[in-house]
Amino acid sequence: MRSRKFLKAEQAQLMWDAPGLLAGVDEAGRGPLAGPVVAAAVILDDQRPIRGLADSKTLTALQRERLNEQILARALCCSVAQASVEEIDTHNILQATMLAMRRAVEGLRLKPAKVLVDGNRLPTLDVLAEAIVQGDARVQAISAASILAKVYRDKLCAELHAEFPHYGFAAHKGYGTPEHLEALLRHGACVHHRRSFSPVAAALARTAAQAGMSVAASIEVRVETRVDVRTAP
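A few points on the structure.

Quick look at the sheet that holds strand E1 (residues 22-28) now. Across the sheet, which stays open at both edges, the five strands sit in the order E3-E2-E1-E4-E5 with mixed pairing between neighbours. Strands at the two margins of the open sheet, each flanked by one partner only, are strand E3 (77-83) and strand E5 (128-132). The sheet shows a mean angle of 20° between the axes of neighbouring strands, taken without regard to direction.

Below is the structure:
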């Protein structure tokens, strides 16, 4: 049986390439205050290259949409997965991100021989894996994954906006912009907000405090009313 130390080393940075299919993995939505974290895994087809692949953050929304369509049409296989708000609050955002990445890899129709993951952390996988810092700008398969994850999550945020338009999810995508924080101050948190994130926790505490004050004020009014009735001539 392999030791834990060997398993960890096996997923450290590799100085050689495993023969076979190569998958790129990236995520979108680690920083926002609301919505799931989304991960994508992509195995590109060397015979059908895609021009313009780059880190999704450097592309316009229109460029991402066009590349998203090409990736879905030309890649050997793709998979998009997510970890829910409940999973984020239960496990923390890092572990939820790793969970979404693992689900994305496991969802691939073809099993890769090696997985390249953007960043410096690796999800638990049953294949060889390597973490690459700034991989979304250096490895085309990771760039493709970053685009799929970003486009998919942006569409989810548009759906959240349709459900709760007063938060402005379509514009800020759940990030803690001044407009979003102002909406939290005015409306409190909704079911899609990550309660483990401090701005949301503060909004919930404020709402609870206001509710407690309202209840106390209501009780006081009822008591005063009963006293007035008893002492009336």
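A complete count under the given rule lists nine salt bridges for this structure. One salt bridge in this structure joins arginine 102 and glutamate 106, with 3.7 Å as the shortest N-O distance. Linking arginine 102 with glutamate 106, this pair stays in helix H4 (residues 93-106), spanning four residues, or about one helical turn. A salt bridge links glutamate 130 to lysine 114, with the shortest nitrogen-to-oxygen separation between them at 3.2 Å. With a gap of 16 residues between them, glutamate 130 in strand E5 and lysine 114 in strand E4 (residues 114-118) connect regions that are remote in the sequence.

Attention now moves to the side chain of arginine 64. Secondary-structure assignment places arginine 64 in helix H2 (residues 61-74). Relative accessible area serves as the criterion here: at 10%, arginine 64 is assigned to the buried category. At 2.7 Å, the side chain of arginine 64 and the backbone oxygen of leucine 59 are in polar contact. Discounting residues that sit within four places of it in the chain, arginine 64 has contacts with Ser56, Leu59, Ile147, Lys150, Val151 and Asp154.

Turning next to helix H8 (residues 178-187). Of the residues making up H8, those classed as buried are His180, Ala183 and Leu184. An end-on view of H8 places all buried positions within 100° of arc, on one side of the element. Away from its buried face, by an angle of more than 90 degrees, H8 presents the exposed residues Pro178, Glu179 and Arg186. A positive backbone phi angle near 75° is found at glycine 188, which sits one or two residues after H8.

Turning to the nonpolar core, a few remarks are in order. Grouped together as the largest cluster of nonpolar side chains are 29 residues, with contacts concentrated most on Val25, Val37 and Val115. Mapped onto this core, the elements with two or more residues apiece are E1, strand E2 (37-43), E3, H4, E4 and helix H9 (198-231). Looking at this core, the element that brings in the most residues is H4, giving eight residues. In this view, valine 25 contacts Ala40, Ala41, Met101, Val105, Val115, Leu116, Val117, Asp118, Ile142 and Ala145; residues no more than four positions away in its chain are not counted. Judged by nonpolar contacts, the second largest core, of 23 residues, contains Ala28, Leu44, Leu59 and Ala145.

The rules behind these values
- Residues numbered from 1 in each chain as written.
- Predicted model: local features only at pLDDT ≥ 70, side-chain atom pairs only at ≥ 80, totals over all residues.
- Heavy atoms only, no water.
- Pairing = 2+ DSSP bridges.
- Helix = DSSP H or I, 4+ residues; strand = E, 2+ residues; numbered from the N terminus.
- Axes fitted to C-alpha atoms, helices over the stretch in contact; angles between N-to-C directions.
- Salt bridge = Lys/Arg side-chain N within 4 Å of Asp/Glu carboxyl O.
- Buried < 20%, exposed > 50% of the residue type's maximum accessible area, 1.4 Å probe, protein only.
- Polar contact = N/O pair within 3.5 Å; in protein donor to acceptor, adjacent residues only side chain to side chain.
- Contact = heavy atoms within 4.5 Å.
- Arc of directions from axis to C-beta.
- Core = buried A, V, L, I, M, F, W, Y, C linked by side-chain atoms within 4.5 Å.

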